[in-house]
Amino acid sequence: MASTTASAGPVTGMPALRRLYVVRFVFAAVWAALLLVSGSELSVGVKVLLFLYPAFDVAAAVVDARSARAAGPVKGLYANMAVSALAAVGVVIAGTSGVADVLRVWGAWAVVSGLIQLLVGVARRPMGGQWAMILSGGISVLAGANFIRSAAQDSPSLTAIAGYATLGGIFFLASAIRLNRSIRRG
């Protein structure tokens, strides 16, 4: 999931967006590692981790919106905030029912937020460094559908979510690197 605006000027907000993407990469990597070592059981720690990921996405979208406000509309960010806030609440509720329900909520969130990320990444193309966010949005849609499908298996597992977060973090890092190059070119 990415925090992006509907349209932004090519230079305004790029350094802040680059820093945000780096922070999101680090968070995703640490979060995924913690989920993997915590196991696939819905312990209290795993439930907290599952809540923190979409909650962090809300916070990142807020930061992004503040830095992008001067550059253009932020409707995509507001949509992302709403969807991620619903997902945070949804995984808390689903966590009381079991892994399958968590995967369904997570999958629905990945699909919807992936579509938002894809659309907003396309709108931000003039800034540069958005190809990874566009690709990540598309992959998020496919991964979300896979999470929903895997919820129907006999023994659904949360470990695939760690891979999803890791890949998303790598896409944020790639975008940060591309934005850094765009900033240098000026």
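Look above for the structure.
Described in the following lines is the structure provided in the data block. (Residues numbered from 1 in each chain as written. Predicted model: local features only at pLDDT ≥ 70, side-chain atom pairs only at ≥ 80, totals over all residues. Heavy atoms only, no water.)

**Structural notes on the pattern of salt bridges**
Counted under the stated rule, the structure contains 2 salt bridges. Among the salt bridges present, the one from arginine 24 reaches aspartate 57, with a minimum N-O distance of 2.2 Å. In this pair, arginine 24 is assigned in helix H1 (residues 14–38) and aspartate 57 in helix H2 (residues 44–68), connecting sequence segments 33 residues apart. Summarising the burial analysis for this pair, arginine 24 and aspartate 57 share the class buried. Residue aspartate 101 pairs with arginine 104 through a salt bridge whose shortest N-O separation is 2.7 Å. With aspartate 101 and arginine 104 both in helix H4 (residues 99–123) and 3 residues apart, this pair spans about one turn of that helix. With relative accessibility at 28%, the residue aspartate 101 sits in the partly exposed group. (Salt bridge = Lys/Arg side-chain N within 4 Å of Asp/Glu carboxyl O. Helix = DSSP H or I, 4+ residues; strand = E, 2+ residues; numbered from the N terminus. Buried < 20%, exposed > 50% of the residue type's maximum accessible area, 1.4 Å probe, protein only.)

**Quick look at the nonpolar core**
Core analysis: the largest hydrophobic core is formed by 30 residues, its most contacted members being Trp31, Leu50, Trp106, Leu158 and Ile161. Contributing elements (two or more residues each) for this core: H1, H2, helix H3 (75–94), H4, helix H5 (131–150) and helix H6 (159–185). Per-element accounting of this core gives the leading share, 9 residues, to H4. Apart from the residues lying within four places of it in its own chain, the contact partners of leucine 50 are Trp31, Leu42, Val91, Val102, Trp106, Leu158 and Ile161. Counting 10 residues, the second largest nonpolar core, distinct from the first, contains Leu17, Ala132, Ala176 and Leu179. (Core = buried A, V, L, I, M, F, W, Y, C linked by side-chain atoms within 4.5 Å. Contact = heavy atoms within 4.5 Å.)

**What about the packing of aromatic side chains?**
In the structure shown here, the tally under the stated rule is 9 aromatic pairs. Measuring from ring centre to ring centre gives 5.7 Å for tryptophan 31 and tryptophan 106, while their planes differ by 20°; the resulting arrangement is stacked. Within this pair, whereas tryptophan 31 is found in helix H1, its partner tryptophan 106 is found in helix H4, the two being separated by 75 residues in sequence. Ring centres of tyrosine 53 and tryptophan 106 lie 5.6 Å apart, and the angle between their planes is 45°; this geometry places the pair in the tilted category. Of this pair, tyrosine 53 sits in helix H2 while tryptophan 106 sits in helix H4, placing them 53 residues apart in sequence. Summarising the burial analysis for this pair, tyrosine 53 and tryptophan 106 share the class buried. Grouping aromatic residues by their ring pairs yields a cluster made of Phe27, Trp31, Tyr53, Phe56, Trp106 and Trp109. (Phe/Tyr/Trp six-rings, centres within 6.5 Å; stacked < 30°, edge-to-face > 60°.)

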